[in-house]
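What follows is each chain in one-letter form.
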Amino acid sequence: MQLIDSHVHLNFDDFEPDLLAVRSRWQEAGVVHLVHSCVEPEEFTSIQALAHRFPELSFAVGLHPLDAEKWTADTGQKILMLARSDSKVVAIGEMGLDFYKADNQEQQQMVFEAQLEIASQLNLPVIIHCREAAARTREVLQGWKEREGEKARGVMHCWGGTPTETAWFLDLGFYVSFSGTVTFKNALQIHESAQIVRSDRLLIETDCPFLAPVPKRGQRRNEPAYVRYVAEALAQLRGVTLETLATQTTENACNLFGLSV
């Protein structure tokens, strides 16, 4: 059985002491590929180094909405140049909107739209972070389609929206990725959303080192091997076997990110 963890952050200090052991565990768990997301350009060098250290690791480049104030006149060019120069870059992001505690909504939207433009130039998918901002995110993506005459393509990562919001992004052609939160007993809204995503639009992730799934919840650190627990929970919610879920999500990740495993 093969699994793809479609969203990790392995360059965090949490992994520095024992990354090789972490890798051994993800290999033992059947994780055959990982997509490393990016928070800000200062991470570019460390993420790129990891991707070239581990053949099974691809990566994205972009600026997280909570770091939108770090966007400068040359940030877009830095993203564009690295994505063009390294074949291991498979997406732009993570980008998007996070209005949970934000007072810079317009700045976030400007940075989001600028990165959508870069992804369009490169014909790459986007990795979207969306927290307490589903309606505005939908507006941005619909507006992009109307102006550019094409849909943006990508994934709503670590998804926690309502079934109605889930349907919005499915209608826009997006994949939807679930993390360890889908294993939480009281995450009923996420459970409902997980049941309505089309099988050909479903992805799994850990978002490690955050959000360790049950039965590892409460641990200091999440890690890629635990994506198996996400897959198991989704399989149970959707009434399919783990093998079916694994095969479908692996195929989906390959289709979206242009991977071969």
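Above this text you will find the structure in question.
What counts and what doesn't
Residues numbered from 1 in each chain as written. Predicted model: local features only at pLDDT ≥ 70, side-chain atom pairs only at ≥ 80, totals over all residues. Heavy atoms only, no water. Helix = DSSP H or I, 4+ residues; strand = E, 2+ residues; numbered from the N terminus. Buried < 20%, exposed > 50% of the residue type's maximum accessible area, 1.4 Å probe, protein only. Pairing = 2+ DSSP bridges. Axes fitted to C-alpha atoms, helices over the stretch in contact; angles between N-to-C directions. Contact = heavy atoms within 4.5 Å. Lys, Arg positive; Asp, Glu negative; His and termini not counted. Salt bridge = Lys/Arg side-chain N within 4 Å of Asp/Glu carboxyl O. Polar contact = N/O pair within 3.5 Å; in protein donor to acceptor, adjacent residues only side chain to side chain. Core = buried A, V, L, I, M, F, W, Y, C linked by side-chain atoms within 4.5 Å. Right-handed = clockwise from strand over helix to strand, strands pointing away.

A. Just the environment of Met156, in detail. Here Met156 shows up in strand β6 (residues 154-156). Taking relative accessible area as the criterion, Met156 reaches 0% and is therefore assigned buried. In the structure, Met156 is positioned 20 residues away from Val176 in sequence and 4.9 Å away in space, judged by C-alpha atoms.

B. Representation of the sheet that holds strand β1 (residues 3-8). Spatially, the 8 strands line up as an open sheet ordered β1-β2-β3-β4-β5-β6-β7-β8, and their pairing is parallel. A single partner strand is all that each edge strand has here, and the edge strands are β1 and β8 (202-204). Strand-to-strand twist of the sheet, defined as the mean angle between neighbouring strand axes without regard to direction, takes the value 30°. The pairing of strand β3 (residues 57-61) with strand β4 (residues 89-98) spans 3 bridges and is classified as parallel. Bridge pairing in β4 places Val61 opposite Ile92. Helix α4 (residues 105-122) rests against β4 and β5 (126-131) of the sheet, and its axis sits at about 160° to β4. Of the strands in this sheet, β1, β2 (31-36), β4, β5, β6, β7 (175-178) and β8 are in contact with helix α9 (residues 242-257), which crosses β8 at around 100°.

C. Region of the structure containing the side chain of Glu94. When you line up the elements, Glu94 lands in strand β4. For Glu94, which is buried and forms no salt bridge, the nearest opposite charge comes from Arg131, at a distance of 11 Å. Here the side chain of Glu94 touches His129 through a polar contact of 3.3 Å, side chain to side chain. Setting aside chain neighbours within four positions, we find Glu94 in contact with His7, His9, Ser37, Cys38, Gly62, Leu63, His64, Pro65, Ile127, His129 and His157.

D. Summary view of unusual backbone geometry. With an omega of 15°, the peptide bond between Cys208 and Pro209 qualifies as cis. The omega angle of the peptide bond from Val214 to Pro215 is 15°, so this bond is cis rather than trans. Looking at where Pro215 falls in the secondary structure, it is placed in the loop between β8 and α8 (227-238). Of note, Glu132 is a non-glycine position whose phi angle comes to about 55°, a positive value. For Glu132, the location among the structural elements is in the loop between β5 and α5 (134-148). Of note, the phi angle at Cys158 is positive, near 45°, even though the residue is not glycine.

E. Local environment of the nonpolar core. Residues Ile92 and Phe178 are the most contacted members of the largest nonpolar core, which totals 75 residues. Listed in part, the 14 residues of the second largest apolar core include Ile4, Val90, Ala253 and Leu256.

F. Layout of the pairing of β7. Burial along β7 is two-sided: the residues Tyr175 and Ser177 and Val176 and Phe178 are all buried. Of the strand pairs in this sheet, β6 and β7 are connected by 2 bridges, and their pairing is parallel. Residue pairing in the sheet places Val155 in a bridge with Tyr175 of β7. Regarding topology, helix α6 (residues 163-171) serves as the crossover connection from β6 to the parallel β7, and that connection is right-handed. Where β7 meets β8, 3 bridges bridge the pair, whose relative direction is parallel.

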